[in-house]
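Below, each chain spelled out in residue letters.
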Amino acid sequence: MFPSMPSYSGTVLKPAIILLSVLLLSGCSAMQAEALGLRSSKVTKTPQQMSNMEICDTYAYGRKATHTRAAIASEWTKRGINRKYCDKIKKQWYVTTTVKALANAEEKPRSKKVQPVKSVQF
């Protein structure tokens, strides 16, 4: 009565769903992923091992971490991260972040290193 339908048994469907999911997530930002609940886990790395985004999430936006706020604040200051930089990278799409990392053109926060004092000669 009905023509027989080919049986895919998930061999084509599962990779297609995974690919679609990856493509959809690559077109979103960390802010959108957080709204979906994908960035809610506790950060367990040491502050020195955290990415700038993880430092921003834990220090500026209140994401939970296993280390103290003082240790994270120390790394925040050492790297010269500020709230404006955090807002900028949080709104950046994952695709843009990946391409910049592959091209080695990742934006770093401005450094607030103190310039050495010149000696006075008499």
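Quick look at the structure, then. (Residues numbered from 1 in each chain as written. Predicted model: local features only at pLDDT ≥ 70, side-chain atom pairs only at ≥ 80, totals over all residues. Heavy atoms only, no water.)

Okay, the pattern of salt bridges next. Side-chain pairs of opposite charge can arise where the charged atoms are in close proximity. What the rule picks out here adds up to 4 salt bridges. Between Lys-45 and Glu-54 there is a salt bridge; the shortest N-O distance is 3.3 Å. The class for Glu-54 is buried, based on a relative accessible area of 15%. Residue Arg-79 is joined to Glu-75 by a salt bridge in which the shortest nitrogen-to-oxygen separation is 2.9 Å. (Salt bridge = Lys/Arg side-chain N within 4 Å of Asp/Glu carboxyl O. Buried < 20%, exposed > 50% of the residue type's maximum accessible area, 1.4 Å probe, protein only.)

The next thing to look at is the nonpolar core. What tends to happen in soluble globular proteins is that the nonpolar side chains get buried as a cluster. In terms of nonpolar packing, the biggest core is built from 13 residues, with Ile-55, Cys-56, Trp-76 and Ile-81 touching the most fellow members. Within the residue set of this core, elements represented by two or more residues are helix H3 (52–59), helix H4 (69–79) and helix H5 (83–91). Contact partners of Ile-81, with chain neighbours within four places excluded, come to Asn-52, Ile-55, Cys-56, Trp-76, Cys-86 and Pro-109. (Core = buried A, V, L, I, M, F, W, Y, C linked by side-chain atoms within 4.5 Å. Helix = DSSP H or I, 4+ residues; strand = E, 2+ residues; numbered from the N terminus. Contact = heavy atoms within 4.5 Å.)

In this section: the packing of aromatic side chains. Under the criterion given, the structure shown has 1 aromatic pair. With a centroid separation of 4.6 Å and an interplanar angle of 45°, the aromatic rings of Tyr-59 and Trp-76 are classed as tilted. In this pair, Tyr-59 is assigned in helix H3 and Trp-76 in helix H4, connecting sequence segments 17 residues apart. Taking relative accessible area as the criterion, Trp-76 reaches 12% and is therefore assigned buried. (Phe/Tyr/Trp six-rings, centres within 6.5 Å; stacked < 30°, edge-to-face > 60°.)

Turning our eyes to something else, we now look at the state of the cysteines. A complete count under the given rule lists 1 disulfide for this structure. Covalent S-S linkage joins Cys-56 and Cys-86, the inter-sulfur distance amounting to 2.0 Å. Measuring the twist about the S-S bond at about -75°, one finds the Cys-56-Cys-86 disulfide to be left-handed. In this pair, Cys-56 sits in helix H3 while Cys-86 sits in helix H5, placing the two residues 30 residues apart along the sequence. Note on Cys-56: relative accessible area 0%, which makes it buried. (Disulfide = S-S within 2.5 Å.)

Below, the discussion takes up the side chain of Arg-63. With respect to the secondary-structure elements, Arg-63 resides in the loop between H3 and H4. Among the polar contacts made by the side chain of Arg-63, one reaches the main-chain carbonyl oxygen of Ser-41 at a distance of 2.9 Å. With sequence-adjacent residues up to four places away left out, Arg-63 is seen in contact with Arg-39, Ser-41, Val-43, Asp-57 and Thr-58. (Polar contact = N/O pair within 3.5 Å; in protein donor to acceptor, adjacent residues only side chain to side chain.)

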